[in-house]
Amino acid sequence: MTKVIRIEANNINKNLIKEASNCLKAGNLVAFPTETVYGLGANALDINAYKKIFIAKNRPSDNPLIVHLGTFEEISRYVKSIPSEAKTLANKFWPGPMTLLFESNGVIPRQVYGNLDKIGIRIPNHPIALALLKDSSLPICAPSANTSGRPSPTKASHVIKDLNNKVDIIIDGGDCLFGLESTVIDITNNKITILRPGAITLEMIQELFPNACQANTQKKNSDKKVLSPGMKYLHYCPKAKVILVTGNNIKYKINEYTKTNNINNFIVFCSPSSAKKIKNMNTKVLGSNVQECAHNLFDFFIEADDNHIEYIFVEEIEKIGIGRAVMNRIERAKTEIL
Ligand code: TXA
Ligand code: MG
């Protein structure tokens with residue numbers, strides 16, 4: 001049985017945090033809010049605990065989990081060394097929506113991170129996540145709290161629907177601020193590469209390191225060695241088919257497509273101006289800026305599934321700032337481009 005506990009982010013009930021922290025210490029699973037998406041947490045040092053994450057999510061064992069820590073000082077317990085670039089990035093962006101990869105010293109078992117040499121570490125910036133990390137004094141491994149391949153949860157209700165009875169405690173701490181997962185960054189031989197775009201954007205990182213670059217994150221369904229194993233799996237997919245609509249004339253393109261394919265049950269996620277132009281269709285404004293689009297995307301995907309929508313047409317958004325991360329998730333969820 002899953003127990004849902006409500007904790008106010010701005011008025012934290014220490015007894016409830018203690019209850020969740022004891023649950024983690026006992027080797028069980030706790031879903032908790034972070035500023036990016038909800039995480040499904042377990043004690044990263046306890047083999048029986050982190051195994052439960054892979055089972056609950058139906059997650060391939062080679063897809064590495066991110067380890068969450070409460071403070072920068074703790075990192076040295078788990079890594080061989082801390083490159084100077086990592087210190088600079090950490091100073092600027094932690095606690096926050098950024099995951100850095102470090103050479104692991106093996107103290108956290110390698111099964112947690114797909115038997116790789118590097119371990120992804122993040123210090124989240126959410127009062128509930130930080131309270132849980134502090135109270136438990138544990139490294140908490142936590143992927144997004146969704147069944148593998150599905151959109152990440154940005155509200156407790158998403159987790160309750162998706163993982164009910166597979167998790168011991170779900171902490172309801174309200175909506176996640178950003179709504180997309182953290183930026184994953186690799187540092188190898190002084191070279192900084194973004195493996196997964198997020199709220200800490202390429203532009204923000206290039207202000208510190210002008211040569212930082214974005215890895216190619218195109219969908220790969222092969223077993224070919226990829227920088228980040230998560231990249232080769234289908235991701236973020238609602239049950240509805242997602243169709244990306246690019247360029248101008250979106251009304252015409254969607255009209256043609258739906259007529260040709262005899263589709264009636266669909267919704268269009270678009271900008272406020274496009275919504276005005278296509279009043280005759282079922283539309284939903286994804287956001288009036290890229291931040292709002294990020295915040296809403298997964299929530300809207302999940303809502304469309306709840307409403308048994310068959311097709312979601314998503315208007316392309318500008319690839320600037322967090323818009324790059326939004327487009328990355330849409331591109332990986334899509335089945336077609338118009
Ligand atoms: O915002 C987030 O990062 C959320 C919250 C809960 O912190 N977590 C999250 O975890 O999104 P997850 O497991 O859903 O996505 C983590 C992805 C993996 O699929 C993998 O591609 C990459 O991050 N990753 C993690 N550790 C890695 C490693 N050691 N090497 C390469 N890629 C890694
Ligand atoms: Mg995930």
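Note that the structure is predicted; figures quoted are calculated from it, not measured.

Participant: What is the right way to read the pattern of salt bridges from this model?
Facilitator: Oppositely charged side chains can pair when the atoms bearing their charge come close. Per the stated rule, a full pass over the model turns up 13 salt bridges. Across the pair Lys118 and Asp186 runs a salt bridge, and its minimum N-O distance is 2.7 Å. Of this pair, Lys118 sits in strand S6 (residues 118-122) while Asp186 sits in strand S9 (residues 183-188); the two residues are 68 residues apart in sequence, bridging distant segments of the chain. Each member of the pair, Lys118 as well as Asp186, carries the same accessibility label: buried. Note that Asp299 is salt-bridged to Lys155, the shortest N-O span being 3.2 Å. Highlighted residues: Asp299 in helix H9 (residues 290-306) and Lys155 in the loop between strand S7 (140-141) and helix H5 (156-163), separated in sequence by 144 residues. Among the ionic contacts, a cluster of salt bridges with common partners joins Arg6, Glu8 and Asp172.

Participant: Is there a simple way to explain helix H2 (residues 47-57) in this structure?
Facilitator: In an α-helix, one turn spans 3.6 residues, which is why side chains three or four residues apart end up on the same side. Among the residues of H2, Ala49, Tyr50, Ile53, Phe54, Ala56 and Lys57 are the ones counted as buried. The secondary structure elements touched by the buried residues of H2 are strand S3 (39-43), S7 and H5. Of the residues that open H2, the one with a side-chain oxygen 3.0 Å from the backbone nitrogen of Asn48 is Asp46. Count one or two residues on from H2 and you reach Asn58, which has phi positive near 60°.

Participant: What should I look at first to understand the nonpolar core in this one?
Facilitator: Soluble globular proteins tend to bury their nonpolar side chains together. Grouped together as the largest cluster of nonpolar side chains are 48 residues, with contacts concentrated most on Leu40, Leu89, Trp94, Phe102, Cys141, Ile185 and Ile205. Looking at this core element by element, the count peaks at 5 residues for H2. In terms of nonpolar packing, the next biggest core, distinct from the first, is built from 27 residues, Val290, Phe301, Met327 and Ala333 among them.

Participant: Would you mind going over the confidence of the model for the chain with me for this structure?
Facilitator: Close inspection of predicted coordinates is inappropriate for parts of the model with low pLDDT. Mean pLDDT for the chain: 93, with 95% of residues reaching 70 or above. Low pLDDT, under 50, characterises residues 219-224; the stretch is placed with 14 contacts to residues that sit more than four places away or in other chains.

Participant: Mind showing me how you'd approach the packing of aromatic side chains here?
Facilitator: Any aromatic ring pair is given by two values, namely how distant the centres are and how the planes are angled relative to each other. Within the structure shown, the criterion is met by 5 aromatic pairs. With 5.5 Å between their ring centres and 85° between their planes, Phe266 and Phe313 make a pair best called edge-to-face. In this pair, Phe266 sits in strand S13 (residues 266-270) while Phe313 sits in strand S15 (residues 311-315), placing the two residues 47 residues apart along the sequence. One aromatic cluster is present, built from ring pairs that chain together Tyr257, Phe266 and Phe313. Taking the ring centre of Phe300 as reference, the NZ or CZ of Lys284 above it sits at 4.5 Å.

What counts and how
Residues numbered from 1 in each chain as written. Chains lettered and ligands numbered in written order. Predicted model: local features only at pLDDT ≥ 70, side-chain atom pairs only at ≥ 80, totals over all residues. Heavy atoms only, no water. Salt bridge = Lys/Arg side-chain N within 4 Å of Asp/Glu carboxyl O. Helix = DSSP H or I, 4+ residues; strand = E, 2+ residues; numbered from the N terminus. Buried < 20%, exposed > 50% of the residue type's maximum accessible area, 1.4 Å probe, protein only. Contact = heavy atoms within 4.5 Å. Polar contact = N/O pair within 3.5 Å; in protein donor to acceptor, adjacent residues only side chain to side chain. Core = buried A, V, L, I, M, F, W, Y, C linked by side-chain atoms within 4.5 Å. pLDDT = per-residue confidence, 0-100. Phe/Tyr/Trp six-rings, centres within 6.5 Å; stacked < 30°, edge-to-face > 60°. Lys NZ or Arg CZ within 6 Å of the ring centre and 35° of its normal.

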